Amino acid sequence: MRYICANCGYIYDPARGDPMSHIPPDTPFEDLPEDWVCPICYVAKDAFDPMD
Amino acid sequence: MKPSLSSLYQAVELRQPIPPLLVGERTNANGSKLFRERLLADDFEGCLRIGLDQEAGGAQVLDLCAAYAGRDETKDMIRLVSLFARSVKAPLMIDSTTPDCIEACLKIYPGRCIVNSINLEDGGVYLRRVCRLLRKYGAAAVALTIHEKGMAMTAADKIATARRIHDIAVGEFGLRPSDLLFDPLTFTIGAGDETLRDAAVQTLEAIRGIKAALPGVGTILGISNISFGLSPASRRALNSVFLHEAVAAGLDAAIVDAAKILPLASIPEADREVCLDLLYDRVRDSAKTPLTRFIEHFRAAKGGETGEREAAAGKERPEAALFQQVVKGDPEGLEDRLSILLGRVQPLAIINDILVPAMRHVGELFGRGELLLPFVLQSAEVMKKAVALLEPLMEREASAHRLTVLLATVQGDVHDIGKNLVDIILTNNGYRVINLGIKVPAETIIEKAREHRADIIGLSGLLVKSAIVMKESLPQYQAAGLRMPILLGGAALTEKFVAESCVPAYEAPVVYCADAFAGLRAVRAFEAGALASTRLAAESREKTTPKPGVKNVEIRRDVPTPTPPFYGYRHVEDIPVADIFPYVNEQALFRGRWGYRRAKLSADEYAALIRDTVVPLYKDLQRRAIEEHWLAPKAAYGYFHGFAKDDTVYVRDGDRIHAFPFPRQSEPPHLCIADFFKTEEEGGDVVGFFVVTIGDAMDRLTHELYKADRYHDYLIAHGFGVEVTDALAEYWHAVMRRELGIAGQEPSEIAGFVTQNYQGSRYGFGYPACPDLEAHRPVFELLRPEALGITLTENMQMVPEQTTSAIVAHHPQAKYFAV
């Protein structure tokens, strides 16, 4: 499931991962490290909303 | 012979083999609306029918009362007693405190009745007068534990009063103890009055105590008083359980609506438990009083019943209705409901026992993701309105013991929405908040903390610099000798920063609060003596959080330098508002600024919320913004020759050179904004700047909304202003890319702007890549935005608040990063 940053609107798409933070493709949002932050605005995981 | 009452038709023992003796309560002009209406209409036959119904419902004695202002009580009672004496088998209880009326009834009643009531209110004059009549006519009596100072509240006082009455009635007048039924009186535990939480306990103890202290006497109680103010269904259960407990304590007679007493066995176990918890004031959940649990339990239980029933219940119990009003944020009919409640509940009790628990419930719902921020603010508005209506009615000292929280946005920062949300939430949870406003120097905070005897200080600030200000001012608080906890909140703070950089500098707890409710939790923890400094979990202490971003990066030096349409600055004042709206980041506005998060909603429910509530709200704001001229978008921008040298970008303006030093990341890839500009040796570069504003109308509007306690609209308007300003910056950045001829592949939707799918970047001053606001000084010299009404504060912040600035880089590798 995709997640969206409530602060800036960045969408985490597990199919793509987050190359900026070395998160490989096919990493579910739930499996992101706890200290992973939004690559755009740096807010924490709990600022993300599920999208689908 | 056993002490008994009698009518023309039958005798009824005062001590029933299976207690209690049931006394019907509905034939009472003060207790039954129907009876009163019939009496006022001189419909005595109708009054009689109520008596007959009571008898059919199980009443063994009928309490008859016709005392009503504007009526001739004696005349009415003579009429009723004659009628009842002929038609009702149950003996009568003459309910009057007028000796002449009592005597008139005793004279004509063909049997042995009981008088309700005698008491010691005037010290014994009235008591002795009625005792004389009791003796003369051989009647029994109900004796209320009321003395010169009023109704006895405690068991000890009730027992002492009973003894005094007993000593006069038995000692002086020779009445038989068995003809006295003592009524220790009970007060409602349903109205949320803190001082009455043990009312049932005191009454039950008094029943036991009176029977032990005064051998031979009986006891009686008006049962339904206990539940006054609660819903009809829950009253039935509570009255029945209370009656059972009272009988177990030794109660001989009960004044009740006999038909509404339920057999204990027919009351579900769970209902019985909450009734008992309420009666004995057993707290099972520290967050909820037994009353709140009781109300919630019966509200949940009636979930399946009809709406009509709900509506009727709403009318019947203003307590629960008020609670719901706050939870739902519905101000409709608030004043009426409060004035009904004020008839019998102290204003402070309304606040402490209904409003505050309701806000607490709202906070819990928010915490569980079941209620979104805009709705929380609507609740707070209702709370605020209610408190504003109640406060003038309260004694001053009543509010003097509240915990005091001092709030301030720190020096150099003008952002106040976060601090104001904390103010709203704390104030509406009953705390005293001193809000010092924005840009408050530490010295002022220290001075005010002393002056107001603050229990807690809360510091807020949005800017990166504000986090530094907080950290650096803590030793000052320490040196000043302050030892109250300090709560820190703000966008640039993290738990780690607070734990590692702030906590060690101050002796008392320093606590990171992620949002207003975290602030509330901290204040509650302090009250409970359990507030501790923010600490990091062991694992996150060891881990160094890597900043996002590529770790090895080679900034290309061969990027062609675009040619701007002009060098120098220009001002643009007629930017069409309609051109900006498409650039609004609706996701950030709805979810971030407004707090319409998905939370516990399903995808469909969330879509419906956005479609039915949020989008209409947004469209309406857009329409009003245009019609009411809230937005006056203006831009001051320009292109300048410049070059990078080390970490500084030098910008030429005629014969002047302005230096913009930028920080460099301490970790790989060690980026610095200067990296994206060519050096003098590389031929120099073009440097763009802009300052854009939507004007000051939104600032004024949001300020007025906040002042007017329109919290919800305040949040909505403020968020709208912030995101429209950001949209203006996004729009203007796009204009500049076009002018530079680098707008090759522009994003087709907002998500593309979020991830910077365009060439180059804009870096806002005060934000992570260039946190230093000092840069505003040269920016203002370059762009002269003063002519557009934009000024700088002494702390280099721009006014109006909804103004934003940036340096614009065209380099394709230039993207957001944090230092």
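Because the structure is predicted, anything quoted here is derived from the model rather than measured. (Residues numbered from 1 in each chain as written. Chains lettered and ligands numbered in written order. Predicted model: local features only at pLDDT ≥ 70, side-chain atom pairs only at ≥ 80, totals over all residues. Heavy atoms only, no water.)

1. What to know about the overall build of chain B
Next, step 1: Broken down by element type, chain B carries 28 helices and 26 strands.
Next, step 2: Taking all 819 residues of chain B together, 55% fall into the buried category.
Next, step 3: In chain B, 74% of the contacts between residues at least 6 apart in sequence involve partners at least 24 apart. (Helix = DSSP H or I, 4+ residues; strand = E, 2+ residues; numbered from the N terminus. Buried < 20%, exposed > 50% of the residue type's maximum accessible area, 1.4 Å probe, protein only. Contact = heavy atoms within 4.5 Å.)

2. Section: the environment of Asn-429 of chain B
Next, step 1: Take Asn-429 of chain B: it is sitting in the loop between helix H16 (417-427) and strand E14 (432-435).
Next, step 2: Among the polar contacts listed, one links the side chain of Asn-429 of chain B to the backbone oxygen of Ile-425 of chain B, at a separation of 2.8 Å. (Polar contact = N/O pair within 3.5 Å; in protein donor to acceptor, adjacent residues only side chain to side chain.)

3. Focus: the confidence of the model for chain A
Next, step 1: For chain A, per-residue confidence averages 89 on the pLDDT scale, and residues scoring 70 or more make up 100% of the total.
Next, step 2: Strand E1 (residues 3-5) of chain A holds the highest mean pLDDT among the elements of chain A, 94, whereas strand E3 (residues 48-50) of chain A holds the lowest, 92. (pLDDT = per-residue confidence, 0-100.)

4. Details of the environment of Glu-205 of chain B
All names here are of chain B.
Next, step 1: Its location among the elements puts Glu-205 in helix H7 (residues 199-213).
Next, step 2: Expressed as a C-alpha distance, the spacing of Glu-205 and Ala-155, which sit 50 residues apart in the sequence, is 5.8 Å.
Next, step 3: Glu-205 has contacts with Ala-155 and Ile-159, leaving out every residue within four places of it along the chain.

5. Details of the interface of chain A and chain B
Next, step 1: Taken together, the contact pairs 22 residues of chain A with 23 residues of chain B.
Next, step 2: For the pairing of chain A and chain B, the buried interface totals around 1,900 Å² over both sides, and the portion due to carbon and sulfur atoms is 56%.
Next, step 3: Inspection of the region where chain A meets chain B yields 2 salt bridges.
Next, step 4: Two residues, Arg-597 of chain B and Asp-49 of chain A, come together in a salt bridge whose shortest N-O distance is 2.5 Å.
Next, step 5: Along the contact surface separating chain A from chain B lie 10 residue pairs in polar contact (both at pLDDT 80 or more).
Next, step 6: For the side of chain A that touches chain B, the element with the most residues is E3 of chain A, which contributes 3 residues.
Next, step 7: Within the side of chain A that touches chain B, the residues separate by chemical class into 14 nonpolar, 4 polar and 4 charged. (Buried area = accessible area lost by both parts, 1.4 Å probe. Salt bridge = Lys/Arg side-chain N within 4 Å of Asp/Glu carboxyl O. Nonpolar A, V, L, I, M, F, W, Y, C, P; charged D, E, K, R; others polar.)

6. Section: the sheet that holds E1 of chain A
Next, step 1: The 3 strands lie next to each other as E2-E1-E3 (chain A), forming an open sheet whose pairing is antiparallel. Every other strand in the sheet has two partners, leaving strand E2 (11-12) and E3 of chain A as the edge strands with one partner each. (Pairing = 2+ DSSP bridges.)

7. A word on unusual backbone geometry
All names here are of chain B.
Next, step 1: Cis geometry is adopted by the peptide bond preceding Pro-20, which originates at Pro-19 and carries an omega value of 5°.
Next, step 2: For Pro-20, the location among the structural elements is in the loop between strand E2 (11-13) and strand E3 (21-24).
Next, step 3: The omega torsion of the bond from Val-799 to Pro-800 falls at 0°, within 30 degrees of zero and hence cis.
Next, step 4: Secondary-structure assignment places Pro-800 in the loop between strand E25 (798-799) and strand E26 (803-809).
Next, step 5: The backbone of Lys-439 sits at a positive phi, close to 50°, despite the residue not being glycine.
Next, step 6: Secondary-structure assignment places Lys-439 in the loop between E14 and helix H17 (442-451).
Next, step 7: In this structure, Ala-599 is a non-glycine residue whose phi angle is positive, near 45°.
Next, step 8: With respect to the helices and strands, the residue Ala-599 is situated in the loop between helix H23 (586-593) and helix H24 (603-627).

8. Let's talk about the packing of aromatic side chains
Residue and element names in this part refer to chain B.
Next, step 1: The tally for this structure, following the rule as stated, stands at 32 aromatic pairs over all chains.
Next, step 2: On the numbers, 5.4 Å between centres and 25° between planes, the contact of Phe-643 with Tyr-650 is stacked.
Next, step 3: With a relative accessible area of 26%, Tyr-650 lands in the partly exposed category.
Next, step 4: In this structure an aromatic cluster arises from ring pairing among Phe-566, Tyr-583, Tyr-637, Tyr-639, Tyr-731, Trp-732, Phe-753 and Tyr-758.
Next, step 5: In this structure, Arg-737 is placed above the aromatic ring of Tyr-758, and the distance from its NZ or CZ to the ring centre is 3.8 Å. (Phe/Tyr/Trp six-rings, centres within 6.5 Å; stacked < 30°, edge-to-face > 60°. Lys NZ or Arg CZ within 6 Å of the ring centre and 35° of its normal.)

9. Describing empty space enclosed by the protein
Residue and element names in this part refer to chain B.
Next, step 1: All told, the structure shown has 6 cavities of 30 Å³ or more when counted by the stated rule.
Next, step 2: Lining the largest cavity, in full, are Ile-189, Gly-192, Asp-193, Glu-194, Leu-196, Arg-197, Leu-278, Asp-281, Thr-289, Pro-290, Leu-291 and Asp-353.
Next, step 3: A breakdown of the residues in the lining of the largest cavity according to their chemical character gives 5 nonpolar, 2 polar and 5 charged.
Next, step 4: Here the second largest cavity defines a volume of roughly 70 Å³.
Next, step 5: What lines the second largest cavity is simply Leu-291, Thr-292, Ile-295, Arg-299, Glu-319, Phe-323, Asp-353, Ile-354 and Pro-357.
Next, step 6: Every element with two or more residues in the lining of the second largest cavity is listed here: helix H10 (290-301), helix H12 (318-328) and helix H14 (347-367).
Next, step 7: Looking at which element gives the most residues to the lining of the second largest cavity, the answer is H10, with 4 residues. (1 Å grid on protein atoms, 1.4 Å probe; cavity = no way out; pocket = protein on both sides within 12 Å on 5 of 7 lines; lining within 4 Å. Points joined across faces, edges and corners; volume = space filled by probe spheres on them.)

10. What to know about the sheet that holds strand E15 (residues 456-460) of chain B
Sheet strands pair via backbone hydrogen bonds, and the direction of the pair is either parallel or antiparallel.
Residues and elements named next belong to chain B.
Next, step 1: Strands sit in the order E14-E13-E15-E16-E17 across an open sheet of 5 strands; the sheet is parallel. Among the strands making up the open sheet, the edge pair consists of E14 and strand E17 (510-512). With strand direction ignored, the average angle separating the axes of adjacent strands in the sheet is 20°.
Next, step 2: Sheet strands in contact with H17 are strand E13 (404-409) and E15, and its direction is about 165° off that of E13. (Axes fitted to C-alpha atoms, helices over the stretch in contact; angles between N-to-C directions.)

11. Considerations on the pattern of salt bridges
Next, step 1: Counted according to the given criterion, the structure contains 46 salt bridges over all chains.
Next, step 2: Between Arg-591 of chain B and Asp-49 of chain A there is a salt bridge whose closest N-O contact spans 3.0 Å. One end of the pair, Arg-591 of chain B, is in helix H23; the other, Asp-49 of chain A, is in strand E3, on a second chain. Neither Arg-591 of chain B nor Asp-49 of chain A differs from the other in exposure class; each is buried.
Next, step 3: Here Arg-737 of chain B ties to Glu-746 of chain B by a salt bridge, and the two come within 2.6 Å at their closest N and O atoms.
Next, step 4: Note on Arg-737 of chain B: relative accessible area 1%, which makes it buried.
Next, step 5: Linked by salt bridges that have partners in common, Glu-273, Asp-277, Arg-282, Arg-284 and Arg-293 of chain B make up one network.

12. Some words on the pairing of strand E11 (residues 218-222) of chain B
Residues and elements named next belong to chain B.
Next, step 1: Burial analysis of E11 places 5 of its 5 residues in the buried class, the great majority of the element.
Next, step 2: Traced from strand E10 (residues 180-183) through H7 to E11, the parallel crossover comes out right-handed.
Next, step 3: Two strands pair when backbone bridges link them, and E11 and strand E12 (residues 253-256) are joined in this way by 3 bridges, in the parallel orientation. Bridge pairing in E12 places Ile-220 opposite Ala-253.
Next, step 4: Handedness of the crossover joining E11 and E12 through helix H8 (residues 232-248) is recorded here as right-handed. (Right-handed = clockwise from strand over helix to strand, strands pointing away.)

13. Focus on the packing of helix H1 (residues 33-40) of chain B against helix H2 (residues 44-56) of chain B
Residues and elements named next belong to chain B.
Next, step 1: Interhelical geometry of H1 versus H2 gives an angle of 155° and a closest axis separation of 7 Å. For the element pair H1 / H2, the angle class is roughly antiparallel. The interaxial crossing formed by H1 with H2 has left-handed handedness. Two secondary-structure elements touch here, H1 through Leu-34, Phe-35, Arg-38 and Leu-39 and H2 through Phe-44, Gly-46, Cys-47, Arg-49 and Ile-50. (Parallel < 35°, antiparallel > 145°, perpendicular 65-115°, else oblique. Left-handed = near helix turned anticlockwise from the far one by under 90°.)

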